[in-house]
Amino acid sequence: MSTVLVCDDVLPTREALRRQVGSVPGVSRTAGAAGGGVAARTAPGGPPDVVVMSCADPRAGEHVRSWMQTRPQTAVIAVVAPGDGDTGGAAMAAGACAILVREPSTPELTAVLHHALAVSEARRSAVAAGRGEEVPVLTEREHQVLAGMSRGRSNGEIGKELFLSEDTVKTHARRLFRKLGAADRAHAVAIGFRAGLVR
């Protein structure tokens, strides 16, 4: 069963997107929330598999980051206004796995949702396999690469900061992913925050 939470402060907009999300094959249940889904994020029940979050709220980046810290198995899709690349970039840096332009077509929404559901499944599988329960010791370079990821830096940008080639950064990234049991960059950063490896 796949659950998708739609977060938007405007009720008619939220419900319209929720109905559209509910029509996508593979989505079993939908829910709606305002304010970045704070109540749903901290509820004791199981988290949604995917959160589709409006980034019109200036605190959207904070909401995305908080989801990644408290519910790292959940994949977040940032919904942005057309042409608002800065907000989308900030959401991706905070841990969103994809960006969706407001009022998407059904094929576009379907493709992005299926990607997010796959990301969520990979993260849950990593936790179920027992990886990530004990945080291993990272090398200094792996710490530095993880810190760069937490700031939203690309592998190339991290390489420039550390005077390393991009391929070397990728090697360190693969190693820290294995050590942390992370499915992707956002998952690694979420684990890092929870374990106190990055601040």
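The structure we're discussing is the one just above.
For clarity, every value in this text was computed on a predicted model and none was experimentally measured.

> Can you tell me about the overall build of the protein chain, naming the residues and giving the values?
Secondary structure assignment for the protein chain yields 9 helices and 5 strands. Mapped in sequence order, the helices and strands of the protein chain form the string β-α-β-α-β-α-β-α-β-α-α-α-α-α. In the protein chain, which comprises 199 residues, the proportion classed as buried is 45%. Counting contacts in the protein chain only where the partners sit at least 6 residues apart, residues at least 24 apart contribute 66% of the total. Total accessible area on the protein chain stands at roughly 9600 Å², and carbon and sulfur atoms take up 53% of it.

> Describe helix H8 (residues 166–180), naming the residues involved and giving the relevant values.
When the terminal C-alpha atoms of H8 are compared, their 21 Å separation across 15 residues agrees well with the 21 Å that a helix rising 1.5 Å per residue should span. The complete set of buried residues in H8 reads Val169, His172, Ala173, Leu176, Phe177 and Leu180. Buried positions in H8, seen along its axis, are confined to an arc of 140 degrees and lie on one side of it. For H8, exposure combined with an orientation more than 90 degrees from the buried face picks out Asp167 and Arg178. Lining the buried residues of H8 we find helix H6 (140–150), helix H7 (155–162) and helix H9 (185–195).

> How would you summarise a positive patch on the surface if you had to cite specific residues and measurements?
On the surface, Lys170, Arg174, Arg175 and Arg178 cluster together into a patch of positive charge. Topologically, Arg178 is positioned in helix H8.

> Account for the pattern of salt bridges, naming residues and giving values.
Counted under the stated rule, the structure contains 5 salt bridges. Residue Lys179 is joined to Glu142 by a salt bridge in which the shortest nitrogen-to-oxygen separation is 2.9 Å. Separated by 37 residues along the polypeptide, Lys179 in helix H8 and Glu142 in helix H6 bring together distant segments of the chain. For Glu161, the salt bridge goes to Arg153, with nearest N and O atoms at 2.8 Å. The class of Glu161 is partly exposed, set by a relative accessible area of 36%. Arg153 sits in the partly exposed class, given a relative accessible area of 28%. What you see here is one network of salt bridges that share partners, running through Arg151, Arg153 and Glu161.

> Report on the pairing of strand E2 (residues 29–33), specifying residues and quantitative values.
Residues in a regular strand project their side chains so that they alternate between the two faces of the sheet. Relative to E2, strand E1 (residues 3–7) runs parallel, the two being bridged by 5 bridges. Looking at the pairing, Val6 lines up with Gly32 of E2. Handedness of the crossover joining E1 and E2 through helix H1 (residues 11–22): right-handed.

> Which residues make up the sheet that holds strand E3 (residues 50–54), and what values do they have?
Within a sheet, each strand pairs with its neighbour through backbone hydrogen bonds, oriented either parallel or antiparallel. An order of E2-E1-E3-E4-E5 is seen for the 5 strands of this open sheet, with the pairing classed as parallel. Because the sheet does not close on itself, it has two edges, and the strands there are E2 and strand E5 (98–101). Taken over all neighbouring pairs, the strand axes of this sheet differ in orientation by 20 degrees on average, direction set aside. Across the sheet, helix H3 (residues 60–70) lies against E1, E3 and strand E4 (75–80), angled at about 170 degrees from E3, the strand it touches most. Contacts between helix H4 (residues 85–94) and the sheet are confined to E4 and E5, with E5 contributing the most and set at about 155 degrees to the helix.

> Go over the nonpolar core, please, and point to the residues and values.
Formed by 20 residues in total, the largest nonpolar core has its most connected members in Val4, Val21, Val50, Val52, Ile77 and Leu113. For this core, the elements supplying multiple residues, two or more each, are E1, H1, E3, E4, E5 and helix H5 (106–128). Among the elements that make up this core, the one with the highest residue count is H5 (6 residues). Setting aside chain neighbours within four positions, we find Leu113 in contact with Val4, Val21, Val24, Val27, Val50, Val52 and Ile77. One finds Met53, Cys55, Ala96 and Ala190 within the second-largest nonpolar core, a separate group that totals 18 residues.

How each quantity is defined
- Residues numbered from 1 in each chain as written.
- Predicted model: local features only at pLDDT ≥ 70, side-chain atom pairs only at ≥ 80, totals over all residues.
- Heavy atoms only, no water.
- Helix = DSSP H or I, 4+ residues; strand = E, 2+ residues; numbered from the N terminus.
- Buried < 20%, exposed > 50% of the residue type's maximum accessible area, 1.4 Å probe, protein only.
- Contact = heavy atoms within 4.5 Å.
- Areas by Shrake-Rupley, 256 points an atom, 1.4 Å probe, with all protein chains shown as cover.
- Expected span 1.5 Å × (residues − 1).
- Arc of directions from axis to C-beta.
- Patch = residues over 30% accessible without salt bridge, like charges linked within 9 Å, V, L, I, M, F, W, Y side chains within 5 Å.
- Salt bridge = Lys/Arg side-chain N within 4 Å of Asp/Glu carboxyl O.
- Lys, Arg positive; Asp, Glu negative; His and termini not counted.
- Charge placed at Lys NZ, Arg CZ, Asp CG, Glu CD.
- Pairing = 2+ DSSP bridges.
- Right-handed = clockwise from strand over helix to strand, strands pointing away.
- Axes fitted to C-alpha atoms, helices over the stretch in contact; angles between N-to-C directions.
- Core = buried A, V, L, I, M, F, W, Y, C linked by side-chain atoms within 4.5 Å.

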